[in-house]
Amino acid sequence: SLGRTGGVDLPGHRTPVRAVAVAGDDSLLMSASAESVKIWNTSTGRCVRTMPSGYGLCGFFVSGNEHLLLGTKEGNIELYDLRVAELAQQQSAHS
């Protein structure tokens, strides 16, 4: 019988988490799902930002931890400004 051997359960997402990324200084963690991207404080384990997003498949913090790039299932690249917790720019990755 196959069983679950490990995992990370983070409260707050309504759909399964599809991508995670850790900031370069290990202070923040990003989790992305079908409806939102969340930023977590790794020291406290608390969610510090929640932003509506496309269906996130991959993402990473930009140097300085003030911005986040998210690749979506819809074929977009979304740039988030973490200082104000909002989508700053969206670009189609495929034309």
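One can find the structure itself at the top, above this paragraph.
Residues numbered from 1 in each chain as written. Predicted model: local features only at pLDDT ≥ 70, side-chain atom pairs only at ≥ 80, totals over all residues. Heavy atoms only, no water.

So what about the sheet that holds strand β1 (residues 19-22)? Which residues, and what values?
Judged by pairing direction, the sheet is antiparallel, and its 4 strands sit side by side in the order β1-β2-β3-β4 without closing on themselves. Every interior strand has two partners, whereas the edge strands, β1 and β4 (47-52), have only one. The sheet shows a mean angle of 15° between the axes of neighbouring strands, taken without regard to direction. Looking at chain direction, strand β3 (residues 36-41) and β4 are connected through 5 bridges and run antiparallel. Bridging across to β4, Ile 39 finds its partner in Arg 49. (Pairing = 2+ DSSP bridges. Helix = DSSP H or I, 4+ residues; strand = E, 2+ residues; numbered from the N terminus. Axes fitted to C-alpha atoms, helices over the stretch in contact; angles between N-to-C directions.)

How would you explain the side chain of Asp 81 if you had to name every residue and give the values?
Mapping Asp 81 onto the fold places it in strand β7 (residues 76-81). Under the relative-accessibility criterion, Asp 81 is labelled buried at 13%. A distance of 2.9 Å separates the side chain of Asp 81 from the backbone nitrogen of Arg 83, its partner in a polar contact. Excluding residues within four positions of it along the chain, Asp 81 makes contact with Glu 66, His 67, Glu 86 and Ala 88. (Buried < 20%, exposed > 50% of the residue type's maximum accessible area, 1.4 Å probe, protein only. Polar contact = N/O pair within 3.5 Å; in protein donor to acceptor, adjacent residues only side chain to side chain. Contact = heavy atoms within 4.5 Å.)

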